[in-house]
Amino acid sequence: MVINIPPQVNRAIEILNRRGHSAFVVGGAVRDILMGAPAHDWDIATSSPPEETLEAFSDFRTIETGLKHGTVTVIIDGMNLEITTFRIERGYSDNRHPDSVYFSRRIDDDLSRRDFTVNAIAYSPQTGFTDPFGGRKDIEQGIIRCVGNADKRFGEDALRILRALRFSSTLGFEIAYDTAESIHKNFALLEHISAERIFSEMSKLLCGKNAGKILREFDDVIFFIMPELAPMKNCAQNHERHIYDVWNHTAAAVESVSPVPELRFAMLLHDSGKPQCKTTDENGTDHFYSHGKVSRGIAFDILTRLKSSVRFRDKVCALVEFHDFVPDKISKKTYKKYISELGLDTVKELFEIRKADISAQNPKFLAEGLLSNEAGEKIIAEIEESEACLKLTDLAIGGRELAALGFEPSPEMGRVLNTLLDEVMEEKLENTKDSLINRAMQLKSR
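In this report, the structure presented in the accompanying data block is examined.

Calculation notes
- Residues numbered from 1 in each chain as written.
- Predicted model: local features only at pLDDT ≥ 70, side-chain atom pairs only at ≥ 80, totals over all residues.
- Heavy atoms only, no water.
- Salt bridge = Lys/Arg side-chain N within 4 Å of Asp/Glu carboxyl O.
- Buried < 20%, exposed > 50% of the residue type's maximum accessible area, 1.4 Å probe, protein only.
- Helix = DSSP H or I, 4+ residues; strand = E, 2+ residues; numbered from the N terminus.
- Polar contact = N/O pair within 3.5 Å; in protein donor to acceptor, adjacent residues only side chain to side chain.
- Contact = heavy atoms within 4.5 Å.
- Arc of directions from axis to C-beta.
- Axes fitted to C-alpha atoms, helices over the stretch in contact; angles between N-to-C directions.
- Parallel < 35°, antiparallel > 145°, perpendicular 65-115°, else oblique.
- Nonpolar A, V, L, I, M, F, W, Y, C, P; charged D, E, K, R; others polar.
- Phe/Tyr/Trp six-rings, centres within 6.5 Å; stacked < 30°, edge-to-face > 60°.
- Lys NZ or Arg CZ within 6 Å of the ring centre and 35° of its normal.

## Regarding the pattern of salt bridges
And step 1. For the structure shown, the criterion picks out 33 salt bridges.
And step 2. For D286, the salt bridge is made with K278, and the minimal N-O distance between the two is 3.6 Å.
And step 3. Residue K278 is classed as partly exposed on the basis of its relative accessible area of 31%.
And step 4. Across the pair E412 and R415 runs a salt bridge, and its minimum N-O distance is 3.9 Å. Remark: R415 and E412 occur in helix α21 (residues 411–425); sequence separation between them is three residues, near one turn of the helix.
And step 5. On the basis of relative accessible area, R415 is assigned to the partly exposed category, the value being 38%.
And step 6. A single network of salt bridges, built from pairs that share partners, joins R87, E89, D110, R113 and R114.

In structure tokens, the structure reads:
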């Protein structure tokens, strides 16, 4: 099999070959091409020591990305190429980074240090594929398998535990039995991984096609990262609208929402407060009053600990808190307040959140729930079409006009403006300059 690689990559390989060095395309690009997917990052592994690589590409712009680890970035016709010397790694005292790196002349040495067989395939236009660990066969069969001993691979770099789950989720691959067993045995090594890296991997994992399957089969890993979620497992929901316990409902809800990180995290966390809120009435029916607010607090703590951005955290927390709304029971005035507080985009996303939520419940009630959604979405459309006043900047007057009326810049000015906005949204007051000024003067005299 011959694969098409960009001319910049071909040129780099030819330059290295002319100097007597072997050079291969390695990593994700080879994997993606073998899967029939577009490749994005083109990395090259070579027998050339880093100093000789710099010399070979002296006519190009180069960046000494990590010389002690053998990596040089070469820019050819606008494409950044990472060129790394074949290497052997020894010692991983922090379960993340090698203590020492030795350069090699053999591509097999370099491939043997990689994480999974699907990522341990090299390709040269001159010699074809080098695949010492059966990565091509694993791609054909849809399997994620560690290179060599799984315990050793995860002990070297604990992040590989989450990478295995992420690849399984995003590629739709099964995890080989021995690799899966090692994950269940070694997941506590994740304590050595930074919160930022865990958040990044979890975001990709949750957006994969197999996310629900991973949540069900590797809940021990998820609960180690987010122990607040553990009580959801086996938390029964004895209610006519539910057919799953809280955790299995959550996994199904994650699968049902669009693969957008904020939405997927919202579905992961939306019912996290249910175990704390659970009550059972005299008929044996379970209820979870105020679980949205409790879940919001849990979501806030988790996302803060994982060091997500404040904007990401606040969006997810809003979706979690209000996910349990009933669209056809809310008035237009209340929707306006929601839009004013949360923003139009977030309110629209709440409908998608609710659709995913009810899709993971008793299918007997799905049609009813979708009709309720449609009724609420119709009201939102009417509000949009009317170009309603929904925020302070939409008011026909502002602080400048109030100052001209004798208001001092103070909390009182803010109070008056917010009162005007509330009354306009409640349709008690017209959003015209005259009516707002008259009402402001009435409020000033209080």
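## With respect to the side chain of S372
And step 1. Along the polypeptide, S372 turns up in helix α19 (residues 366–385).
And step 2. Within polar-contact distance, the side chain of S372 engages the side chain of D328 at 2.9 Å.
And step 3. Sequence-distant contacts of S372, that is, excluding residues within four places in its chain, are made with V326, P327, D328 and R354.

## Here we look at helix α8 (residues 177–186)
And step 1. For α8, the full list of buried residues reads T179, A180, S182, I183 and N186. End-on view of α8: buried residues confined to an arc of 160 degrees, all on one side of the axis. In α8, the exposed positions that point more than 90 degrees away from the buried face belong to Y177 and K185.
And step 2. Packing partners of the buried residues in α8 comprise β10 (143–144), α6 (150–156), α7 (159–171), β11 (174–175) and α11 (219–225).

## Quick notes on the packing of helix α17 (residues 332–342) against α19
And step 1. Put simply, α17 and α19 touch, their axes get as near as 10 Å, and they point 70 degrees apart. Taken together, the axes of α17 and α19 are roughly perpendicular relative to one another. Two secondary-structure elements touch here, α17 through K332, Y335, K336 and I339 and α19 through G376, I379, I380, E382 and I383.
And step 2. When grouped by side-chain class, the residues that make up the contact of α17 with α19 number five nonpolar, one polar and three charged.

## Comments concerning the packing of aromatic side chains
And step 1. Here the structure, examined in full by the defined rule, presents 13 aromatic pairs.
And step 2. Here the aromatic rings of F116 and F167 are separated by 6.0 Å at their centres, their planes lie at 85 degrees, and the arrangement is edge-to-face. With F116 in the loop between α4 (107–112) and β8 (122–124) and F167 in helix α7, this pair connects stretches of sequence that are 51 residues apart. Across this residue pair, the class does not change: F116 and F167 are buried.
And step 3. Among the aromatic residues, those joined into a cluster by ring pairs are F322, F325, Y335, Y338 and F351.
And step 4. Cation over ring: R166 sits above F167, and NZ or CZ is 4.7 Å from the ring centre.
And step 5. It is R241 that lies over the ring of F365; its NZ or CZ is 4.3 Å from the centre.

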